[in-house]
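Topology and contacts: notes
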Amino acid sequence: VQLVESGGGLVQPGGSLRLSCAASGFTFSRFVMRWYRQGPGKERELVATISSAGGTTNYGDSVKGRFTISRDNAKNTVYLQMNSLKPEDTAVYYCNVRQGGDHWGQGTQVTVSS
């Protein structure tokens, strides 16, 4: 299993970013995918979840209405569209799949600052 996140960076408050996670080594279309984040000095937090076919999504309370998770099973990729970013969204963002255990990517840094 390999997960590779990309798309992070520095953005001003109120801005947007789109994260991508390219997956390989497993049958992507059969598995729930998740985005987590870990801010400085904080525990890792579940941000969003999407079902295998993409029809069901769930979000953490802190990102509801601002973030959107989606997936393209033809491209083995899951996305996280982040709008109205706040300084407290600053974190390393990880994608995750549970396939015989938890698998994580290397993470992508998102920094929200003016």
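I will try to describe carefully the structure that is included in this document. Each residue is numbered by its place in its chain's sequence as written, counting from 1. Side-chain atom pairs in this predicted model are given and counted only at pLDDT of 80 or more, local residue features only at pLDDT of at least 70, and totals for whole chains, interfaces and linings cover all residues. For side-chain calculations, the full set of non-hydrogen atoms in the structure is used, while hydrogens and water are omitted.

1. Description of the nonpolar core
- Core analysis: the biggest nonpolar cluster contains 26 residues, and Trp35, Val78, Leu80, Met82 and Tyr93 have the highest contact counts within it.
- Secondary structure elements are taken from DSSP: a helix is a run of H or I of four residues or more, a strand is a run of E of two residues or more, and numbering for both begins at the N terminus. Residue assignment for this core shows that the elements contributing at least two residues are β3 (17–24), β4 (33–38), β5 (45–50), β7 (67–72), β8 (77–82), β9 (91–98) and β11 (108–112).
- Only heavy atoms matter for contacts: two residues are in contact if any of them lie within 4.5 Å across the pair. Each residue touching Met82, except ones within four places of it in the same chain, is listed here: Gly15, Ser16, Leu17, Leu19, Arg66, Phe67, Tyr93 and Val110. The term nonpolar core refers to a set of buried residues drawn from Ala, Val, Leu, Ile, Met, Phe, Trp, Tyr and Cys, joined through side-chain atoms within 4.5 Å. Relative accessibility decides the category of a residue: with a 1.4 Å probe and only protein chains considered, values under 20% of the type maximum give buried, values over 50% give exposed, and everything between is partly exposed.

2. Re the environment of Gly7
- One can find Gly7 in the loop between β1 (2–6) and β2 (9–11).
- Residue classification places Gly7 among the partly exposed residues on the basis of a relative accessible area of 35%.
- It is 4.5 Å that separates the C-alpha atoms of Gly7 and Leu19, two residues lying twelve residues apart in sequence.

3. Describing the environment of Ser113
- Locating Ser113 in the fold gives a position in the segment after β11.
- In sequence terms Ser113 and Leu85 are 28 residues apart; their C-alpha atoms lie 9.4 Å from each other.
- Once residues within four sequence positions are removed from consideration, Ser113 is found in contact with Leu10, Val11, Gln12 and Pro13.

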